[in-house]
Amino acid sequence: MDKGPEAFRTISEVAEDLDVPQHVLRFWETKFAQIKPLKRGGGRRFYRPEDVDLLRGIRHLLYGEGYTIKGVQRILKSEGVRFVAAVGRGEAKVEPSLTGEGAEAERGADTAEEAAFATRERDTFLSDEAARTLRGALDELMECERLLAALREPG
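Residues numbered from 1 in each chain as written. Predicted model: local features only at pLDDT ≥ 70, side-chain atom pairs only at ≥ 80, totals over all residues. Heavy atoms only, no water.

### Describing the pattern of salt bridges
Thought 1: Enumeration according to the criterion identifies 8 salt bridges in this entry.
Thought 2: We note a salt bridge from Asp17 to Arg56, for which the minimum N-O separation is 2.4 Å. In this pair, Asp17 sits in helix H1 (residues 11-18) while Arg56 sits in helix H3 (residues 49-64), placing the two residues 39 residues apart along the sequence.
Thought 3: Glu50 is the partner of Arg48 in a salt bridge, and the nearest nitrogen-oxygen pair spans 3.6 Å.
Thought 4: It is possible to trace a salt-bridge network through shared partners that takes in Asp17, Asp53, Arg56, Arg89 and Glu91. (Salt bridge = Lys/Arg side-chain N within 4 Å of Asp/Glu carboxyl O. Helix = DSSP H or I, 4+ residues; strand = E, 2+ residues; numbered from the N terminus.)

### So, the nonpolar core
Thought 1: The biggest cluster of nonpolar side chains holds 29 residues, and the ones touching the most others in it are Leu25, Trp28 and Ile58.
Thought 2: Sorting the residues of this core by element identifies H1, helix H2 (22-31), H3, helix H4 (69-79) and helix H5 (81-89) as the ones contributing at least two each. (Core = buried A, V, L, I, M, F, W, Y, C linked by side-chain atoms within 4.5 Å. Buried < 20%, exposed > 50% of the residue type's maximum accessible area, 1.4 Å probe, protein only.)

### Quick notes on the sheet that holds strand S2 (residues 38-39)
Thought 1: Within the open sheet, the 3 strands sit side by side as S1-S3-S2. Their pairing is antiparallel. Looking at which strands have only one partner, the edges of the open sheet turn out to be strand S1 (9-10) and S2.
Thought 2: Packing against the sheet, H3 makes contact with S1 and strand S3 (45-47), and its axis sits at approximately 85° to S3. (Pairing = 2+ DSSP bridges. Contact = heavy atoms within 4.5 Å. Axes fitted to C-alpha atoms, helices over the stretch in contact; angles between N-to-C directions.)

### Brief notes about unusual backbone geometry
Thought 1: Even without glycine at this site, Asp19 takes up a positive phi of about 60°.
Thought 2: Tracing the chain through its elements places Asp19 in the loop between H1 and H2.

### So, H3
Thought 1: In a regular helix each residue adds 1.5 Å, so 16 residues correspond to 22 Å; H3 covers 21 Å between its end C-alpha atoms and thus fits that length.
Thought 2: Turning to H3, its buried residues number three or more, namely Pro49, Asp51, Val52, Asp53, Leu54, Leu55, Gly57, Ile58, Leu61 and Leu62.
Thought 3: Just beyond H3, the residue with positive phi is Gly66, at close to 80°. (Expected span 1.5 Å × (residues − 1).)

### Brief notes about the packing of H3 against H5
Thought 1: Where H3 contacts H5, the axes come no closer than 7 Å and their chain directions differ by 75°. Compared by their axis directions, H3 and H5 come out roughly perpendicular. Here Asp53, Leu54, Arg56, Gly57, Ile58, His60 and Leu61 of H3 lie close against H5, whose contacting residues are Val81, Val84, Ala85, Val87, Gly88 and Arg89.
Thought 2: Tallied by class, residues from the contact of H3 with H5 come to 7 nonpolar, 3 polar and 3 charged. (Parallel < 35°, antiparallel > 145°, perpendicular 65-115°, else oblique. Nonpolar A, V, L, I, M, F, W, Y, C, P; charged D, E, K, R; others polar.)

In short, the description is geometric, and any link to function would need to be established separately.
Written out as structure tokens, the structure reads:
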């Protein structure tokens, strides 16, 4: 059964629609603050139609136009989410002068970073919330270690 155009999509549906692995969508969430799917219990993501348009625009800019992640971030900052979503719908085109870059060698670094993220994602069995909690605890422990080291120093 097909969903209506205004229905929310799961990450697997969006990944299939955009022809990218799910871990790439999760990686993009870490690089583009504008990607904000609704998250339900257990961290399950639900994407609104406008989220899918934005992701489609990001995908087109990265893979179709050869922009780097930083380049797409600059476009989002200068032109806004609506513009990138319009690119995703095929209603707008990006002029190379928007960021001063087109396809370039730096793109390989994005691919390597995506691969590293995918490995971490695959090897991690924690929910996003649990990982944030552990990162917070680690930060606190590191601060305690710093304070203790400062107390141990003479003078």
